[in-house]
Amino acid sequence: MLTKLHDALKLKTSPVIFFSSAGIIILFVIATIAFTEPLGEAVSTASDWLLTNLGWFYVLGVTVFLGFLIYIALGRFGRVKLGPNDEKPEHSGLAWFAMLFAAGIGSILMFWGVAEPVSHFGDPPRGPSLGIEAGTDEAAAEAMNFTFYHFTLHTWTIFTLPALCFAYFIHKRNLPPRVSSIFQPILGERIHGPIGKFIDVVAIVGTVFGVAVSIGLGTLQINGGLGQLFGVPNSAGWQLIIIGVVTGVALLSVSLGLDKGIKVLSNINIVMAIGLLIFVLITGSTLFMLRGTFESLGSYLHHLPEMALWNDTFADTGWQNTWTVFYWAWTITWSPFVGIFIARISKGRTVRQFVLGVLAIPSAFSILWFGIFGYGSFDIELNGDGGLVERVVDEGDIPGALFAFLEHHPWSYPMSILAIILVVIFFITSVDSAALVTDTMTNGHEDYNPLGQRIFWAVAIGLITATLLVFSAEGGLTALEQTIILVGLPFFVMGYFQMYALYRALREDAGELPQIRTREWKKVLPPEEYARRDADDDFNTDDVVVEPEAEEPAPVMRDPYLDLETIEPRAKHGTLAARTSSAPLPKVPKKDRNQ
């Protein structure tokens, strides 16, 4: 029946995966609108239970993933090419970096750039346990430590692990661009069976919800900016209008494809974001922000091992559940979409280049971004007119934090308009790339497919966003948090299987190297002991020496990737250059050697 419906709609996708995912999404929208209160209570109860009992599992998981990625990148598998062995990167480093932000991280920077540091400055995360008072220098240092913890290495770890898995299995093993493909070393051909389809449906539904949370935060921020600039009320009606308008523009970008849509918008947006960053740096307390940023970097690296495993055990304030656990659960739900997107633009890079690039480059930019906006906010609170903590912490206006911050700078009105445009474009590229990747996961290939399929996923993301923001029983932000914590759990479980599958595949494809062989040496005795034993008939001195002496020559090096028959006889022995097929150094005339 599904196949007949699929053919009648002229779709070119997997009927089971497409209709199962679409059905769950549509059912959720209908159930939320029809049974708002009961469903809201059920989600709230389940979310509270997870936070109380499994919050530590979320925190531990991301740190384990980070350790695994560093191990893979620095080990012998770091030189493995993600694609054919002679493949070159498809995109330049700058274009690659810009497109990383199209996956949605740009909207995070805009939303939390001011709100995160100010929130922790006015309400220190470990204030009760460490005795840190709000609004002090110690609170500022603590705020930046947790801001960097939330938005640098650990956040990008959540993206990098599935992205690396996708890049390897899609470009190296040429498997379909689906989450189930990552499990091929474990499942074999069953990735195309019921288990594989179940994994893909869970991944697609979770991805749509995760992206919807990101879009929901962007909607709240756009609404807050429009309210401050033009008096637009912060209401459900206006939020629906914003979602509808921006989703409609995103559909246009979807129809243009990757190179004409996402890539162009990403390049424009990164230039505008850097321009806003430079403006804040120049018009604010420049020296204070620069000194504070690099000082906080050192403090973050110093406290990272502690924060990476901190679980608020003694104070048990519940702070971590609503911040760190929410971030990790939210981020990992849209990691399949970000992962496939990053994998798609990273073909031809080595594992080491990929891991270090995806971890380090965006993290470095995030450090600059949050450092400058964070210390700019602290300067306003400590040395200026203040008011940010009151608005963000006391009044709870997190979406309006950026615009309140810009009020303390020259040209605040046009810069606030620029900020809104930035959020809108990040919104568009997030919906665009999510629709493209979700359609790819459903189809199982990256070839041409009907435009209507991508449009459906873009509309689905808009519907979920509107449902969570407007029709949930809880407030918009609370509904987003509670829902995403539930959706994130299966993704964390899958993360451990992804690590195993990737490591197993690398070992299978690269081959196991034998233990290093070295030449054997005879036992050495002191001269006087050797003389005594040599004069005594009860001892045999044939196997002992006074001067170190090898029993055999050193093993001959050869390229392990070449067959023995293909190695020229002269390359089996001789110089290192000959044995490794590398070019020898040019000979230097004897008369020039000592010059």
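Residues numbered from 1 in each chain as written. Predicted model: local features only at pLDDT ≥ 70, side-chain atom pairs only at ≥ 80, totals over all residues. Heavy atoms only, no water.

## Quick word on the side chain of S119
Positionally, S119 belongs in helix α5 (residues 105–122). S119 sits in the buried class, given a relative accessible area of 6%. S119 has contacts with W323, V392 and V393, leaving out every residue within four places of it along the chain. (Helix = DSSP H or I, 4+ residues; strand = E, 2+ residues; numbered from the N terminus. Buried < 20%, exposed > 50% of the residue type's maximum accessible area, 1.4 Å probe, protein only. Contact = heavy atoms within 4.5 Å.)

## A few points about the pattern of salt bridges
Under the defined criterion, the tally for this structure stands at nine salt bridges. With its nearest N and O atoms 2.8 Å apart, the salt bridge here joins D397 to R391. Among the residues examined, R391 registers a relative accessible area of 19% and is labelled buried. Note that K522 is salt-bridged to E549, the shortest N-O span being 3.2 Å. Linking K522 in the loop between α20 (476–510) and β1 (523–524) with E549 in the loop between β2 (544–545) and α22 (576–579), this pair joins segments that are 27 residues apart in sequence. (Salt bridge = Lys/Arg side-chain N within 4 Å of Asp/Glu carboxyl O.)

## So, the layout of surface pockets
Volume-wise, the second largest pocket comes out at about 270 Å³. Every residue lining the second largest pocket is counted, 14 residues in all, and those nearest its centre are I24, V205, F209, L486 and V487. Of all the secondary structure elements, the ones that give two or more residues to the lining of the second largest pocket are α2 (15–34), α3 (36–74), α10 (194–230) and α20. Looking at the lining of the second largest pocket, its residues break down into 12 nonpolar, two polar and no charged. (1 Å grid on protein atoms, 1.4 Å probe; cavity = no way out; pocket = protein on both sides within 12 Å on 5 of 7 lines; lining within 4 Å. Points joined across faces, edges and corners; volume = space filled by probe spheres on them. Nonpolar A, V, L, I, M, F, W, Y, C, P; charged D, E, K, R; others polar.)

## Looking at the packing of aromatic side chains
In this structure the tally under the stated criterion is 42 aromatic pairs. Centroid distance F148 to Y300: 5.9 Å. Interplanar angle 85 degrees. Geometry classified as edge-to-face. With F148 in helix α7 (residues 137–151) and Y300 in helix α12 (residues 286–309), this residue pair connects regions lying 152 residues apart in the sequence. One exposure class covers both F148 and Y300, and it is buried. Seen in terms of ring centroids, W334 and F337 are 6.2 Å apart; in terms of plane orientation they differ by 20 degrees. Their pairing is stacked. A relative accessible area of 1% places W334 in the buried class. Of the residues examined, F337 reaches a relative accessible area of 0% and is grouped as buried. In this structure, R126 packs its charged tip against the face of W310, placed 5.9 Å from the ring centre. (Phe/Tyr/Trp six-rings, centres within 6.5 Å; stacked < 30°, edge-to-face > 60°. Lys NZ or Arg CZ within 6 Å of the ring centre and 35° of its normal.)

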